[in-house]
Amino acid sequence: MDDQMNNNGPVQYQPTQMPEGNDKDGYAVAILVLGILSIVCCAPCGIVALILRANSKNEISAEKQGLVTAGFVTSIIGICIWAIAIIYYIFVAAFAISTISMF
């Protein structure tokens, strides 16, 4: 009991303060992750990242703008890679169909 007492009475615990930050700062990380995923797995992740960036561009703090920029760039790269791949596969399929019909 004496452990919980000080000169002024019982010890009172103060709640911890939440760090100051913008509610939209988490979007910066999400934009970066979706941008990387657009390169690795699928282009729709890049499209979602671009939409998130457009909706929250001015609301993200200045400290997180680097993540947003990196996510934007990786999203564009991912979308371009997937667009080139789709065009390539369409040409390969068209060439394969035209070669099969020759026989």
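Not measured: the values here are computed from a predicted model.

Thresholds applied
Residues numbered from 1 in each chain as written. Predicted model: local features only at pLDDT ≥ 70, side-chain atom pairs only at ≥ 80, totals over all residues. Heavy atoms only, no water. Helix = DSSP H or I, 4+ residues; strand = E, 2+ residues; numbered from the N terminus. Buried < 20%, exposed > 50% of the residue type's maximum accessible area, 1.4 Å probe, protein only. Contact = heavy atoms within 4.5 Å. Areas by Shrake-Rupley, 256 points an atom, 1.4 Å probe, with all protein chains shown as cover. Phe/Tyr/Trp six-rings, centres within 6.5 Å; stacked < 30°, edge-to-face > 60°. Lys NZ or Arg CZ within 6 Å of the ring centre and 35° of its normal. Expected span 1.5 Å × (residues − 1). Arc of directions from axis to C-beta.

Q: Go over the overall build of the protein chain with me, naming the residues and quoting the values.
A: Scanning the protein chain for helices and strands turns up three helices and two strands. When the helices and strands of the protein chain are listed from N to C terminus, the series reads β-β-α-α-α. Here the protein chain, with 103 residues, has 18% of them falling under the buried criterion. Considering only contacts within the protein chain whose residues lie at least 6 apart along the sequence, 71% involve residues at least 24 apart. Surface exposure of the protein chain reaches about 8,000 Å², of which carbon and sulfur atoms provide 67%.

Q: Break down the packing of aromatic side chains for me, with residues and values.
A: A complete count under the given rule lists one aromatic pair for this structure. Sitting over the face of the ring of Phe72, Arg53 holds its NZ or CZ atom 4.1 Å from the ring centroid.

Q: Report on helix 2 (residues 43-56), specifying residues and quantitative values.
A: For helix 2, with 14 residues, the first-to-last C-alpha span of 20 Å sits near the 20 Å given by 1.5 Å per residue. Of the positions making up helix 2, those classed as buried are Ala43, Cys45, Gly46, Ala49 and Ser56. Seen end-on, helix 2 carries its buried residues on one side only, within an arc spanning 160°. Among the exposed residues of helix 2, those pointing more than 90 degrees away from its buried face are Pro44, Ala54 and Asn55.

Shape is all these values report; function is a separate question.
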